[in-house]
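Overview (structure and organization)
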There are 2 protein chains.
Amino acid sequence: MGEVEWLNIFVIIVVAFVGWQAISHFNFVKHLLIGRPMKSEALRSNRTLLLWWIALPVLSADLYSSVAYGPESGMTELVQLGPGAKWLILPLTAATVVLLVILISSYIMGVIAYPNGGGAYAIAKNNFRQPWVAVTASSALLIDYVLTVAVSVSAAIASIASAYPAVSPYRTTLALICILALVIINMRGVADAASLLAWPTFLFMASMLALIFFGFADEMRHGFVQAATPAFGTVPKDLTVLLILKAFSSTCSALTGIETISNSVPIFREPKQKNAIKTYVALGIIEGVTLLGYAYHLYVRGISVNPNNTMLSQLAGVTFGHGWVYQLIIWSTFAVLILAANSTFNGFSQLAAIVASDGYLPRKLAQRGDRLSYSNGILMVAALASLLVAIFHSRTNSLIPLYAIGVFVSFTIAQVGLVRRWNRVKGRHWRAYRAINGIGAVVTAVVALIFAVTKFTGGAWMIIVILPLFVHFSLTISRHYQEVAGQLHIDLVKDRPVAHKVTSIVLISGIQRVVNNTLSFAKSLDTHVIAVYVGFDDASIEKVRKRWQEWGSPCELIVLKSQYRSLLAPIASFIRKLEAEKGKEDYIHILLPQFIMKKGWHNLLHNQSALILRTWLVLHKDVVVTTVPFHLKK
Amino acid sequence: MGEVEWLNIFVIIVVAFVGWQAISHFNFVKHLLIGRPMKSEALRSNRTLLLWWIALPVLSADLYSSVAYGPESGMTELVQLGPGAKWLILPLTAATVVLLVILISSYIMGVIAYPNGGGAYAIAKNNFRQPWVAVTASSALLIDYVLTVAVSVSAAIASIASAYPAVSPYRTTLALICILALVIINMRGVADAASLLAWPTFLFMASMLALIFFGFADEMRHGFVQAATPAFGTVPKDLTVLLILKAFSSTCSALTGIETISNSVPIFREPKQKNAIKTYVALGIIEGVTLLGYAYHLYVRGISVNPNNTMLSQLAGVTFGHGWVYQLIIWSTFAVLILAANSTFNGFSQLAAIVASDGYLPRKLAQRGDRLSYSNGILMVAALASLLVAIFHSRTNSLIPLYAIGVFVSFTIAQVGLVRRWNRVKGRHWRAYRAINGIGAVVTAVVALIFAVTKFTGGAWMIIVILPLFVHFSLTISRHYQEVAGQLHIDLVKDRPVAHKVTSIVLISGIQRVVNNTLSFAKSLDTHVIAVYVGFDDASIEKVRKRWQEWGSPCELIVLKSQYRSLLAPIASFIRKLEAEKGKEDYIHILLPQFIMKKGWHNLLHNQSALILRTWLVLHKDVVVTTVPFHLKK
């Protein structure tokens, strides 16, 4: 194991341990990191509505940031065929842009149909009777959100590592630290700073467009070194359709995040729908221009794949030199990718909360934390993304094959759902709308299939295995919740609390102050009290019997001998005997002492047999268990 | 992280998880691995007493096995000076043999003084009034036992890896599997198979002596290639006293385990003491001859240090070729080292049990498991040794600098203790005996000091830091136990159980079957019952109030509103209010429901707020807590 890997593990363990200790022991640490708890009413306070050109950068970090890794990962696939295949990035990018246009058109239909914001899950729930369709959409999205966080953070760190090669060995560690920082930010739930979040994306957009523009200007004046870039149209040997499609799939990772605007129609100023559509069109144009321009420059400048220097960093270096413009591009790339990860945190926890409140995921995911954010969802996406980053050593290109399948599955479900909706609801232009969504459905389904086939061996098989399992599990959860709800239901008139006979058993370990304490409580209850002592040898049994008499025999004493030095076995058989004798509704009530130590580590010095016994009894026997605390003074 | 490291981690996690699940869910797995539980009486059954020449191999695995790594680690230090320093191994081994003679003489005095077996801890307890001396001796030994297991297992695997280089990348994994196997063997507690354990050591002794004998015969006939071995007496530049002492310290690791016989006098046939002394003398002669002969051959054959091929394997290969004799030596080396680790498991758990029953370590270490072995001690030494093996990647030479200091500290304490004993008890020849132990004390103290200084930067600093902490911790534990014993003491006449007033609080989460269940139990107790509902918003509070009335208001209902979505805070403040009103001796009694699921994973789907609440209440409040189970049917 390299030193860096030990460092990773060490950092993670120390941070997790110290963090956990600090948060659980010192409220002020929690308040410092996460902020003071907020009242539930704070939820209802008005949110600021956004102008469309402010909403554009706020909602586009997800989609736009992926230009930082999409074309590069496509190029990575192509160069396996040698430099002669590089020109293929241009037609592939063009195809990606066509797909972008189709997707945006389809999503604009979504905005028209669901002005209150409808993700794939909501659309599917609304248009399919079978719950598994909606659950498939949400599961696919949730899986992909985890990947988005891992990919975005890895790409963000790769950007920094390109400019500062010295940090390269610590990429995984830094990526994990970023995820931790995102957890803290999201736990705080600073949703109102939205317009502040617009700036990095603005900056990144501006610098990408500047890169493309100055690149063109430069090439106009000086031409470019054709030597480095084999001619357009050369057909390398070994070229197969599969390889082209594989490169296409990788390039398409630049399209993830397109669904964000359609989920967020309510945050636009009036007229909401029109503004959202305007934003979609503007974003589509900017994204398309960027993708094409960027891919063009990658090709003509002969930028090559280098795992330690991203193509964007190389291109920026070639175009602007390594001065402040280069630094600006590097840092705005970093910022926009982190923003994308951040909004994905939000997206994951919100979607998980909606699905959980419908009963398809554990209810914990629908609970709001101190700051009203869905803290359990945030922790879950962070944990899973950290795991991915650690396993794949924060290498973006290793993560790409797992990526984007989920998104395209959910795209397809949403499009089919919309087609069904137009059939049902009709309305103005419904045939045209239905046609657009129909095309969208077919295209996204084909693309999802291409992804699954071409990336299958590269890692996509994991998603193909996990997704159905996830769906199955969600449906099982839902059945369990329905089952429990049925069992908890009572008839308010017939089912009323009734008293029954109680036999209270006090387990004693000798005649000591703690036993006196427990017996005193038992005697306060006015039930039938029996003391039970489990002895391992005759000498100690005799001693307890004698001392019990000297103590005035406060109640009946039953002695059980354990030849195997186990407490459980004799107590279990004693309980069985009692169960056989008692009435059906009567209670067996077991009282156990619990030492409460002044210092936590003192617990290690005591046998905790009461605790083990309690857990065992509660899980395996139908007995009521009472814990009587005994507070030690030092 | 290399693939092998991932394999390690994966193997450990899978084995630990599967093992844990299997043992806790299926008694038959436990019985298969560990054996059926044994009755306490089995302890008293007679043990077979051993003939001295059977006891010799049984008790010498510890000491004799260390020739497999002692001289090699000394040589590893020397070759840092270049091949010119190799001859120094001969005087260093001679010095080690002198030390061996002194130690054996001192330990024979121990046998004379404590015929019932007296380890360093028992001797120190008997001869020093201050408990810290005895605790230092035991702590030093316990630390070194952990290292013995790690070193022996690592050396055992190194032996195999020398013969089969293909397994070399999996050394750490294999070492961890060996430790796991030792845990199972020791948990079974097959103490009576002792004479069976004699064979591997016999075999190893025989093959070592054969190696030396045939080596000499060969050299007599053919001479040796002097080219490979720079002449005796060359003084390499850079030679410093510190380096020589460092090499000496490493060579001395061949002396660990010398204390075993003196601890085991009772297992000899009569006359016990005479037989034990005879064994010591015989073992000393064999060990001395082996060390000198082995070191001589290492030197004249020009064996060099190779991390992937132990010197013993190289020498065996040179002497006998790679046929069956070589295989015999490799596998008997493996067997004897595993035996040494095995007897150290035993030594650790026995010593820990003695120290724990004196109150200096957690009492759990003094409890016998199902098979009457001290299972907690066995698990502890295994866990710590596994950690060392994993951290040091099963490299014997990296572990050596930490090793043997503890043993020599305990040697010194034992010798000083014996000197004090002779002064006190006197008896036949006491002046001579005292002189021998006095020399032993001085020599072992000097050697311990040499170890600490020369290996300080190599890792000995850890031991120098850990040992005093361990001692301090042990004394703190002892104080805690005394403190608790004082607090638990009662006056059998004055302190008797008395009934007081009880207020029972039933926490409800709505009007459901589970609440009906809990309330029924509360009503059976004849105490003052109050139902408490914590609501997060007005709508749900109103609903519960209404349904409570429709339910016929089974008892007083108190509603608490929580603005911060927390259960703890409002309940805590309600308890504070009750505490202020109640009499000093009266009880506050809280009843909580607990869902008992049919399937373990269902617990993940429920909030466990009752469990969290219970833990918090027991730890932070002086309240009695009762858990009323509610068994779900599916």
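Let me begin by describing the structure that accompanies this report. (Residues numbered from 1 in each chain as written. Chains lettered and ligands numbered in written order. Predicted model: local features only at pLDDT ≥ 70, side-chain atom pairs only at ≥ 80, totals over all residues. Heavy atoms only, no water.)

Some thoughts on the pairing of strand E4 (residues 587-596) of chain A
All names here are of chain A.
- The buried fraction of E4 is high, at nine of ten residues.
- Here strand E1 (residues 502-508) runs beside E4; their pairing, made up of five bridges, is parallel. Bridge pairing in E4 links Ser504 to His589.
- Here eight bridges tie E4 to strand E5 (residues 624-631), and the two strands are oriented parallel to one another. Its bridge partner being in E5, Phe595 is matched across the sheet by Phe630. (Buried < 20%, exposed > 50% of the residue type's maximum accessible area, 1.4 Å probe, protein only. Helix = DSSP H or I, 4+ residues; strand = E, 2+ residues; numbered from the N terminus. Pairing = 2+ DSSP bridges.)

Things to note about the pattern of salt bridges
- Under the defined criterion, the tally for this structure stands at 15 salt bridges over all chains.
- Salt-bridge contacts for Lys125(A) lead to Asp358(A); the nearest nitrogen and oxygen are separated by 2.7 Å. Taken together, the positions of Lys125(A) in helix H6 (residues 120-127) and Asp358(A) in the loop between helix H14 (324-357) and helix H15 (375-391) put the pair 233 residues apart, joining distant regions of the chain.
- For Asp358(A), a relative accessible area of 30% puts it in the partly exposed group.
- For Asp218(B), the salt bridge identified is with Arg301(B), shortest N-O distance 2.9 Å. On the criterion of sequence distance, the pair formed by Asp218(B) in helix H9 (residues 194-222) and Arg301(B) in the loop between helix H12 (272-300) and helix H13 (311-320) is long-range, its members being 83 residues apart.
- Exposure remark for Arg301(B): the relative accessible area of 18% places this residue in the buried category. (Salt bridge = Lys/Arg side-chain N within 4 Å of Asp/Glu carboxyl O.)

Observations regarding unusual backbone geometry
- Residue Pro271(A) is bonded to the preceding Glu270(A) through a cis peptide linkage, with omega at -10 degrees.
- Here Ser394(A), not a glycine, exhibits a phi torsion of approximately 55 degrees, which is positive.
- Note on placement: Ser394(A) falls in the loop between H15 and helix H16 (396-399).
- A relative accessible area of 0% means that Ser394(A) is categorised as buried.
- Positive phi values are uncommon outside glycine, yet Ala404(B) reaches one of about 75 degrees.
- Checked against the element boundaries, Ala404(B) lands in the loop between helix H16 (396-399) and helix H17 (405-425).
- Since its relative accessible area comes to 0%, Ala404(B) is described here as buried.

Overview of empty space enclosed by the protein
- Scanning the entire structure with this criterion turns up five cavities of 30 Å³ or more.
- By volume, the largest cavity amounts to about 60 Å³.
- In terms of lining, the largest cavity is formed by Asp62(B), Tyr145(B), Thr148(B), Thr256(B), Gly257(B), Glu259(B), Thr344(B), Tyr403(B) and Val407(B).
- Residues of the lining of the largest cavity, tallied by class, amount to three nonpolar, four polar and two charged.
- The calculated volume of the second largest cavity comes to roughly 50 Å³.
- Around the second largest cavity sit Asp62(A), Tyr145(A), Thr148(A), Thr256(A), Gly257(A), Glu259(A), Tyr403(A) and Val407(A), which together line it.
- A class-by-class count of the residues in the lining of the second largest cavity yields three nonpolar, three polar and two charged. (1 Å grid on protein atoms, 1.4 Å probe; cavity = no way out; pocket = protein on both sides within 12 Å on 5 of 7 lines; lining within 4 Å. Points joined across faces, edges and corners; volume = space filled by probe spheres on them. Nonpolar A, V, L, I, M, F, W, Y, C, P; charged D, E, K, R; others polar.)

Concerning the relation of the copies chain A and chain B
- Expressed as a screw operation, the relation of chain A to chain B combines 0.2 Å of axial shift with a rotation of 180 degrees, fitting to an RMSD of 0.2 Å. In short, the pair behaves as if placed about a two-fold rotation axis.
- A high fraction, 99%, of the interface residues of chain A reappear at the interface in chain B, so the copies pair face to face through one surface. (Least-squares fit on C-alpha atoms with pLDDT ≥ 70 in both. Contact = heavy atoms within 4.5 Å.)

Some points on the interface of chain A and chain B
- On the side of chain B, 92 residues touch chain A, which itself brings 93 residues to the contact.
- Between chain A and chain B, roughly 8100 Å² of surface is buried when both sides are summed, and carbon and sulfur atoms account for 57% of that area.
- Linking chain A to chain B there are two salt bridges.
- Among the ionic pairs, Asp495(B) bridges to Arg513(A), the shortest N-O distance being 3.1 Å.
- The tally of links from chain A across to chain B stands at 25 residue pairs in polar contact (both at pLDDT 80 or more).
- Of all elements in the fold, only helix H1 (3-25), helix H19 (456-488), helix H20 (513-523), helix H21 (538-550), E4, helix H23 (609-620) and E5 of chain A reach the threshold of two or more residues within the side of chain A that touches chain B.
- Partitioned by chemical class, the residues of the side of chain A that touches chain B number 43 nonpolar, 27 polar and 23 charged.
- Here E5(A) pairs with strand E5 (residues 624-631) of chain B via three bridges, running antiparallel. Looking at the pairing, Thr627(A) lines up with Val625(B) of E5(B). (Buried area = accessible area lost by both parts, 1.4 Å probe. Polar contact = N/O pair within 3.5 Å; in protein donor to acceptor, adjacent residues only side chain to side chain.)

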